[in-house]
Amino acid sequence: EFLQYFLELLQKAEAPGLASGRIPGGGRPLAKLLEFAVEDRYACTGTGAVAYKRRTGENVLQFPVGLEDATNTEEVEAWRRAHGGDSKAEVRGPGGEAAEEPKPAIP
């Protein structure tokens, strides 16, 4: 999340300089240097057909991580049971402040 935030700030800060030609590099934003293309493979289990989809402009890799790998699974499940299992609902604590669901800690 911080990387996304930082790249967004960088793009906003350098936009005026790129528009006026004051920043060298051919008018290409620095954040573009960190982008890459990702190819996703989709396979149909019934027919065996395969399709590939290419996404460009990505700057963060997404890894599938199972929630069973979390070190605080008991804490997360206890919170969900205590708050009706709805992690999207806004829950208020005893003092009226918003109670935040604990995030799974995955090493």
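Before any of the text, the structure's been laid out above.
Residues numbered from 1 in each chain as written. Predicted model: local features only at pLDDT ≥ 70, side-chain atom pairs only at ≥ 80, totals over all residues. Heavy atoms only, no water.

Enquirer: I tried to follow the overall build of the protein chain on my own but got confused; where do I start?
Expert: Broken down by element type, the protein chain carries 2 helices and 4 strands. The linear arrangement of helices and strands in the protein chain, starting from the amino end, is α-β-β-α-β-β. A total of 107 residues make up the protein chain; the buried ones form 16% of that total. In the protein chain, the share of contacts with a sequence separation of at least 24, taken over all contacts with a separation of at least 6, comes to 34%. Put simply, the protein chain shows about 8,600 Å² of open surface, and 56% of that area lies on carbon and sulfur atoms. (Helix = DSSP H or I, 4+ residues; strand = E, 2+ residues; numbered from the N terminus. Buried < 20%, exposed > 50% of the residue type's maximum accessible area, 1.4 Å probe, protein only. Contact = heavy atoms within 4.5 Å. Areas by Shrake-Rupley, 256 points an atom, 1.4 Å probe, with all protein chains shown as cover.)

Enquirer: How do you make sense of the environment of glutamine 62 when you look at a structure like this?
Expert: Following the sequence through the fold, glutamine 62 ends up in the loop between strand E2 (50–58) and helix H2 (73–82). Along the primary structure glutamine 62 and valine 38 are separated by 24 residues, whereas in three dimensions their C-alpha atoms are 10.0 Å apart.

Enquirer: Would you mind going over the pairing of strand E1 (residues 36–43) with me for this structure?
Expert: Looking down a regular strand, the side chains alternate between one sheet face and the other. Looking at chain direction, E1 and E2 are connected through 7 bridges and run antiparallel. Paired with tyrosine 42 across the two strands is alanine 51, which belongs to E2. Counting the residues in the hairpin turn of E1 and E2 gives 6 residues, including glycine 48, whose phi is positive at 85°. (Pairing = 2+ DSSP bridges.)

Enquirer: So what exactly am I meant to see when it comes to the pattern of salt bridges here?
Expert: Proximity of charged atoms lets side chains of opposite charge pair with each other. Within this structure, the stated rule accounts for 7 salt bridges. Put simply, glutamate 35 and lysine 32 hold a salt bridge, and the shortest N to O gap is 3.7 Å. The class of lysine 32 is partly exposed, set by a relative accessible area of 35%. Residues glutamate 77 and arginine 80 are paired through a salt bridge, measuring 3.9 Å at the closest nitrogen-oxygen approach. Of this pair, glutamate 77 and arginine 80 both sit in helix H2, 3 residues apart, roughly one helical turn. For glutamate 77, a relative accessible area of 34% gives the class partly exposed. (Salt bridge = Lys/Arg side-chain N within 4 Å of Asp/Glu carboxyl O.)

Enquirer: When you look at the environment of leucine 30 in this model, what are you seeing that I'm missing?
Expert: Along the chain, the position of leucine 30 falls in the loop between helix H1 (2–20) and E1. Spatially, the C-alpha atoms of leucine 30 and glutamate 14 are 8.5 Å apart, while their sequence positions differ by 16 residues. Excluding residues within four positions of it along the chain, leucine 30 makes contact with Leu10 and Glu14.

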